[in-house]
Amino acid sequence: VSAFAGNNYLIDLDALVADGLLTLDEIRSVNWGNNDEDIDYASMYTNRTKILRIAFSRFDITSNAYEEFVQNNHYWLDDYALFRALKKYHNDKEWTLWENCYKNREPKALEAISQELAESIEFYKFCQFEFFFQWQKLLSYANQKGLSIIGDIPFYVAHDSSDVWAHKELFQLLSDGTPRLVSAVPPDAFSSTGQIWGSPVYDWNEMELQGFDWWKSRFAMASKLFNVIRLDHFIAIVKYFAVNPASSSSIAGRW
């Protein structure tokens, strides 16, 4: 859902207990699944949010550390938190199915709904604060032990993401917000019909007009998370393969 945000699933709940935001009894009160060898993602999806909301209810959003984090990351965090709150408001429907005023980011509509969803927006910002706070402790610990962390920058982003919703001009989209073309791989020795990844492809002309600011921001964020950055699918900067979204295989695609 974001090229910048951290995954809420990776927030260490035990660390929140140590910080006085949760109790062990609260963590154990929900169903995390019954099989130690299998992850119940449905339970995780539902119950993680419930537990994190309890922690949020005890968190001081006026703390200097939190306010500094929100200010330093506003360039992606504001859109991300609003996007997550709007998705929750719309029962997790993808953004192309929202009302036009939200889908098209009409300023007055966003201002009004931001006030209505203020608590939810703050919750998603809190989750990001906790993720990055814990990640920095992990990174620091690894570096002190002489270890470096290598991290990926996946080349494409999901269509149903805060990045596409907030920066439609940077992607090749139709007037209704759906992709005009999607990412793919041509037929090769691995697959006779190729692969369709389904991610929207970039509008590189617009990227260039904006000085590639979005990409620069992605690298800046990655540099805070990792000691070494690996750009996955690097060739696509030079040339990319794309197909019509309605295609059943990549045979009809083109570079």
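Parameters at a glance
Residues numbered from 1 in each chain as written. Predicted model: local features only at pLDDT ≥ 70, side-chain atom pairs only at ≥ 80, totals over all residues. Heavy atoms only, no water. Salt bridge = Lys/Arg side-chain N within 4 Å of Asp/Glu carboxyl O. Helix = DSSP H or I, 4+ residues; strand = E, 2+ residues; numbered from the N terminus. Buried < 20%, exposed > 50% of the residue type's maximum accessible area, 1.4 Å probe, protein only. Phe/Tyr/Trp six-rings, centres within 6.5 Å; stacked < 30°, edge-to-face > 60°. Lys NZ or Arg CZ within 6 Å of the ring centre and 35° of its normal. Pairing = 2+ DSSP bridges. Arc of directions from axis to C-beta. Contact = heavy atoms within 4.5 Å. Axes fitted to C-alpha atoms, helices over the stretch in contact; angles between N-to-C directions. Parallel < 35°, antiparallel > 145°, perpendicular 65-115°, else oblique. Nonpolar A, V, L, I, M, F, W, Y, C, P; charged D, E, K, R; others polar. Core = buried A, V, L, I, M, F, W, Y, C linked by side-chain atoms within 4.5 Å.

Student: Tell me about the pattern of salt bridges, residues and numbers included.
Tutor: Pairs may arise between side chains of opposite charge once their charged atoms sit close together. Counted according to the given criterion, the structure contains 7 salt bridges. With its nearest N and O atoms 3.1 Å apart, the salt bridge here joins E119 to R53. Placement of the pair is E119 in helix 8 (residues 118-144) and R53 in helix 3 (residues 41-57), with a sequence separation of 66 residues. Judged by relative accessible area, R53 falls into the partly exposed class, the value being 26%.

Student: With reference to specific residues and values, describe the packing of aromatic side chains.
Tutor: This model, assessed by the stated rule, comprises 39 aromatic pairs. Where Y202 meets W214, the ring centres are 5.7 Å apart and the plane angle is 50 degrees; that geometry is what we call tilted. Of the two residues, Y202 is situated in the loop between strand 3 (195-200) and helix 10 (204-209) and W214 in helix 11 (residues 213-225); the sequence distance between them amounts to 12 residues. Of the two residues examined, Y202 and W214, each falls in the buried class. Ring geometry for Y202 against W215: centres 5.6 Å apart, planes inclined by 65 degrees, an arrangement best described as edge-to-face. Placement of the pair is Y202 in the loop between strand 3 and helix 10 and W215 in helix 11, with a sequence separation of 13 residues. W215 carries the same exposure label as Y202, and that label is buried. Taking the ring centre of W165 as reference, the NZ or CZ of R105 above it sits at 4.4 Å.

Student: Would you mind going over the sheet that holds strand 2 (residues 182-185) in detail, with residue names and values included?
Tutor: The strand order 3-2-5 describes an open sheet built from 3 strands, whose pairing is antiparallel. The open sheet is flanked by strand 3 and strand 5 (242-243), the only strands paired with a single partner. Sheet topology note: the strand 2/strand 3 ladder contains 3 bridges and is antiparallel. Along strand 3, the bridge assignment pairs V182 with P200.

Student: Summarise helix 7 (residues 107-116); cite the residues concerned and give the values.
Tutor: Where helix 7 is concerned, the buried positions are A109, L110 and I113. Take helix 7 and look down its axis: the buried residues cluster within an arc of 95 degrees, on one side only. Set apart from the buried face of helix 7 by more than 90 degrees, the exposed residues are P107, K108, E111 and Q115. Contacts made by the buried residues of helix 7 are with helix 5 (74-89), helix 6 (100-103) and helix 9 (162-166).

Student: With reference to specific residues and values, describe unusual backbone geometry.
Tutor: One non-glycine residue, D92, adopts positive backbone phi at about 70 degrees. Structurally, D92 can be placed in the loop between helix 5 and helix 6. One non-glycine residue, F212, lies in positive phi territory at about 55 degrees. Along the chain, F212 turns up in the loop between helix 10 and helix 11. Residue classification places F212 among the partly exposed residues on the basis of a relative accessible area of 32%.

Student: An account of helix 4 (residues 64-72) is requested, with residue identities and associated values reported.
Tutor: By the burial criterion, the buried members of helix 4 are Y66, F69 and V70. Axial view of helix 4: buried residues confined to an arc of 95 degrees, hence all on one face. Residues of helix 4 that are exposed and angled more than 90 degrees away from the buried face: N64 and Q71. On its buried side, helix 4 packs onto helix 5 and helix 8.

Student: With reference to specific residues and values, describe the packing of helix 4 against helix 8.
Tutor: Axis separation between helix 4 and helix 8 bottoms out at 10 Å; the angle between their running directions is 100 degrees. The angle between helix 4 and helix 8 places the two elements in the roughly perpendicular class. Taking contact as the criterion, the partners of A65, Y66, F69 and V70 in helix 4 are, on helix 8, E122, K125, F126, Q128, F129 and F132. Of the residues that constitute the contact of helix 4 with helix 8, the class distribution is 7 nonpolar, 1 polar and 2 charged.

Student: An account of the nonpolar core is requested, with residue identities and associated values reported.
Tutor: With 66 residues, the main nonpolar core has L16, L86, F126, W165, Y202, W214 and W215 as its most contacted residues. At the level of secondary structure, the elements contributing two or more residues to this core comprise helix 1 (13-18), helix 3, helix 4, helix 5, helix 7, helix 8, helix 9 and helix 11. Looking at this core, the element that brings in the most residues is helix 8, giving 11 residues.

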